[in-house]
Amino acid sequence: MPLPARNALLASLLLATAACGSSTAGSTGTTSGGVGANGASGTGSTTGANTSGSGQSIGSASSTNSSSSSGSSSTSASGSGSTNSTGSTSSTTTASSSGSGSTGSSTSGSSSGSGSSTGSSGGFTMCLSPAWQIDLPSTYLPFGTTVADVNGDGHEDVLIATDFSGLIGYLGDGAGNFSAMGTFPFAELQVPERIVTGDFDGDGNLDLVVPSFGNDTVVVYLGAGNGTFQPNPVAYPTGQRPTAAAVADFDGDGRLDFAASLEPGNALVFMGYGDGGFATGAPVTTGAWAHIIVAADFNRDGKPDLATIDNSSNTVSEMLGFGDGGFAAPAPFNVGNRPLAMAVGDFNGDGTPDLVVANSADNTLSELIAYGDGGFAPQVVLPVSGQLEEQSVTVGDFNADGIDDFASVDDNFLVSIFPSNAAQTGITVTPAIVIAAGHFDESKPNDDIVVSLGTHYQLQFVLTGCP
């Protein structure tokens, strides 16, 4: 995010906080849509990239939608046998009904920390609990949140990139409890963006890739396996401001690589040596303004592809991978106005990863269902209650049906969940700018949501499957 835009966002959060205090009432929208699939574990292109949430978008998800009808089946070209559309398309389907839940249901969502509150729709529940809150150090303003098992104990942890102050982490115990992992005021980072993870040196420990927007580098931190990181991280120059990264084995040598999207455009791919080091970045042509980048196998050829959102042209650009580190020319697909966030997952269960895009200027989400040949069906448009920003969409199985759902957070501080086979529901939190999902309470099958609460210097958890 450019610094003027970041400062404007902080100013708006401060004004909203002053106006709203710590409690804001909200109601759900009236759309949902239908069928997803279990894509949260990746899409076949990211061996070892165990990432969830607002960092690496593999495993992030949305939900498919039926067009203006109830029920749980998708009607917008979700089959894998279609072969049309590998370029831009302007057709749009607007989803205007719920799934199997009730249409237009509302939720109280009136508490943002002083007590618990619950929203429900179509048998699906979500709630806030004051016991599930973490106060951050006052100098650590959260801007990027990633969920991953950074200490190797089998439980998901929360790692946060903060504005100017480095990284901070909290270790989960699988029962909803967290302990401070520590703060890491890394001098290499200036305005860190989305964190992605992968085992880049083959030691079984998760390592980090962090785009450093303020000094035109991408920094690699090798994990020690205990929630800390080895000394002497390496900063790889990008020549332009990096905004996001994606992890996959792009050249098929069994070693993880990463790609970084650059502002104002294009991307670089850094090939991994397998020992934690990387070659100099090789350029990849993308759309006009490659703001977010994800990796997945969109044409099911076993070779990871790339996709970027281009907020100057209101498109998603797809670059099909050749499997040797090279990529085809970008193919554009239309989405909403000024896209800023994107996530990927298999939402209709056909084995092909699909995309969901958060559009900041028209308060919508665009869902793109992949045909399996590299093409996508026309976007399905899902309205939300307010403006969406960067890192405002995530994925998880929030209603425990084994199918991916997606969630967003908007500038009305409404967390909206679009569960499969249920109506959209929402709950209000204090001012939030980043959202991620994880399985923090292993005693229940549902995934939960963590939101970073901007100027409140706090993490708040939205629980699903509440009593």
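Only a predicted model underlies this, so the values are computations on that prediction, with no experimental measurement involved. Numbering of residues starts from 1 in every chain and runs along the sequence as written. Local features in this predicted model are restricted to residues of pLDDT 70 or higher, and side-chain atom pairs are both shown and tallied only at a pLDDT of 80 or more, whereas totals for entire chains, interfaces and linings draw on every residue. The side-chain figures draw on all heavy atoms in the structure; neither hydrogens nor water molecules are used.

This next bit is on the overall build of the protein chain. Only DSSP runs of H or I with at least four residues qualify as helices, and only runs of E with at least two residues qualify as strands; both kinds are numbered from the N terminus onward. A count of helices and strands for the protein chain gives one helix and 31 strands. Buried means the residue's accessible area, taken with a 1.4 Å probe over protein chains only, is under 20% of the maximum for its type, while exposed means over 50%, and partly exposed covers the values in between. Counting the 467 residues in the protein chain, one finds 63% classified as buried. Only heavy atoms matter for contacts: two residues are in contact if any of them lie within 4.5 Å across the pair. Of the contacts formed within the protein chain by residues at least 6 apart in sequence, a portion of 56% connects residues at least 24 apart. Values of accessible area rely on a 1.4 Å probe in the Shrake-Rupley scheme; residue burial ignores everything except the protein chains shown. Carbon and sulfur atoms provide 50% of the accessible area of the protein chain, an area that totals close to 14300 Å².

Looking now at the environment of Leu-256. Inspection of the secondary structure assignment puts Leu-256 in the loop between strand 13 (241-248) and strand 14 (257-263). Residue classification places Leu-256 among the buried residues on the basis of a relative accessible area of 7%. As a C-alpha pair, Leu-256 and Met-271 span 15 residues in sequence and 7.4 Å in three-dimensional space.

All right, on to the side chain of Asp-157 then. Within the element layout of this structure, Asp-157 appears in strand 6 (residues 157-162). None of His or the chain ends enter the tally, which takes Lys and Arg as positive and Asp and Glu as negative. Salt-bridge detection follows one rule: a side-chain nitrogen of Lys or Arg within 4 Å of a carboxyl oxygen of Asp or Glu. Salt bridges are absent for the buried Asp-157, whose nearest opposite-charge side chain, Lys-444, sits at 16 Å. In protein, a polar contact requires one atom able to donate a hydrogen and another able to accept it; more generally it is a pair of N or O atoms within 3.5 Å, and residues adjacent in sequence count only if both atoms are side-chain atoms. Among the polar contacts made by the side chain of Asp-157, one reaches the main-chain amide nitrogen of Val-150 at a distance of 2.9 Å. At 2.8 Å, the side chain of Asp-157 forms a polar contact with the backbone nitrogen of Gly-172.

Strands are treated as partners if at least two bridges between them are detected by DSSP. If you trace the four strands from one edge of the open sheet to the other, you get 9-10-11-12, paired in antiparallel fashion. If you trace the sheet from one side to the other, it starts and ends with strand 9 (196-198) and strand 12 (234-237), each paired once. Between one strand and the next, the sheet's axes are offset by a mean angle of 25 degrees, whatever the strand orientation. In this sheet, strand 11 (residues 217-221) lies alongside strand 10 (residues 207-212) in antiparallel orientation, the contact comprising five bridges. Across the sheet, Val-209 pairs through a bridge with Val-220, a residue of strand 11. To get an axis, a line is fitted to the C-alpha atoms, and for a helix only the part in contact is used. The angle between two axes follows their N-to-C directions and goes from 0 to 180 degrees.

Turning our eyes to something else, we now look at the packing of aromatic side chains. In this scheme Phe, Tyr and Trp rings, the latter by its six-membered ring, pair at centre separations within 6.5 Å, and the angle between planes marks the pair as stacked below 30 degrees, edge-to-face above 60, and tilted otherwise. Under the criterion given, the structure shown has twelve aromatic pairs. Ring plane angle 65 degrees and centroid distance 5.5 Å describe the contact between Phe-298 and Phe-376, whose orientation is recorded as edge-to-face. You can see Phe-298 sitting in the loop between strand 17 (290-296) and strand 18 (305-310) and its partner Phe-376 sitting in the loop between strand 23 (364-368) and strand 24 (379-383), a full 78 residues away along the chain. Neither residue differs from the other here; Phe-298 and Phe-376 are each classed as buried. Joined through ring pairs, the aromatic side chains of Phe-200, Tyr-236, Phe-258, Phe-270 and Phe-278 make up one cluster.

What follows concerns the side chain of Thr-238. If you trace the backbone, Thr-238 turns up in the loop between strand 12 and strand 13. Given the relative accessible area of 8%, Thr-238 is considered buried. A distance of 2.5 Å separates the side chain of Thr-238 from the backbone oxygen of Gln-240, its partner in a polar contact. In contact with Thr-238, other than residues within four places in its own chain, are Asp-216, Thr-217, Val-218, Leu-262, Leu-268 and Phe-270.

For the rest of this paragraph, the subject is the nonpolar core. Ranked by internal contacts, the top residues of the largest apolar core, which has 32 residues, are Phe-250, Val-269, Phe-298, Leu-306, Val-316, Met-342 and Leu-355. At the level of elements, strand 13, strand 15 (267-270), strand 17, strand 18, strand 19 (315-319), strand 20 (331-334), strand 21 (339-345) and strand 22 (354-359) are the ones that each hand at least two residues to this core. If one sorts the elements of this core by residue count, strand 17 sits on top with five residues. The residues contacting Phe-298, other than those within four sequence positions of it, are Asp-305, Leu-306, Ala-307, Glu-318, Val-344, Thr-352, Pro-353, Leu-355, Gly-372, Asp-373, Gly-374 and Phe-376. For our purposes a nonpolar core is just a set of buried Ala, Val, Leu, Ile, Met, Phe, Trp, Tyr and Cys residues, chained together by side-chain atoms within 4.5 Å.

Here we come to the pattern of salt bridges. Pairs can form between side chains of opposite charge once their charged atoms are near each other. One pass over the structure, following the stated rule, counts two salt bridges. Notably, a salt bridge pairs Glu-263 with Arg-241, separated by 3.5 Å at the nearest N-O pair. Taken as a pair, Glu-263 in strand 14 and Arg-241 in strand 13 lie far apart in primary sequence, 22 residues in all. Between Lys-444 and Asp-448 there is a salt bridge whose closest N-O contact spans 2.8 Å. The residues Lys-444 and Asp-448 share a single accessibility class, namely buried.

With that settled, consider the pairing of strand 29 (residues 434-438). The two faces of a sheet get side chains in turn, since along a regular strand they alternate between them. For strand 29, the tally of buried residues reaches five of five residues, placing the bulk of the element in the interior. Judged by which residues are buried, strand 29 turns out to be covered on both faces: Val-434, Ala-436 and Gly-438 on one side and Ile-435 and Ala-437 on the other are all buried. Of the pairings in the sheet, the one linking strand 29 to strand 30 (residues 448-452) comprises five bridges and is antiparallel in character. Its bridge partner lying in strand 30, Ile-435 is registered against Val-451.

This next bit is on the sheet that holds strand 25 (residues 388-396). Read across the sheet, four strands follow the order 25-26-27-28 without closing on themselves; strand pairing throughout is antiparallel. Each edge of the open sheet carries a strand with a single partner, namely strand 25 and strand 28 (425-428). Across the sheet, the axes of successive neighbouring strands diverge by a mean angle of 20 degrees, strand direction being ignored. Relative to strand 26 (residues 405-410), strand 25 runs antiparallel, the two being bridged by five bridges. Within strand 26, the residue paired with Val-395 across the bridge is Phe-406.

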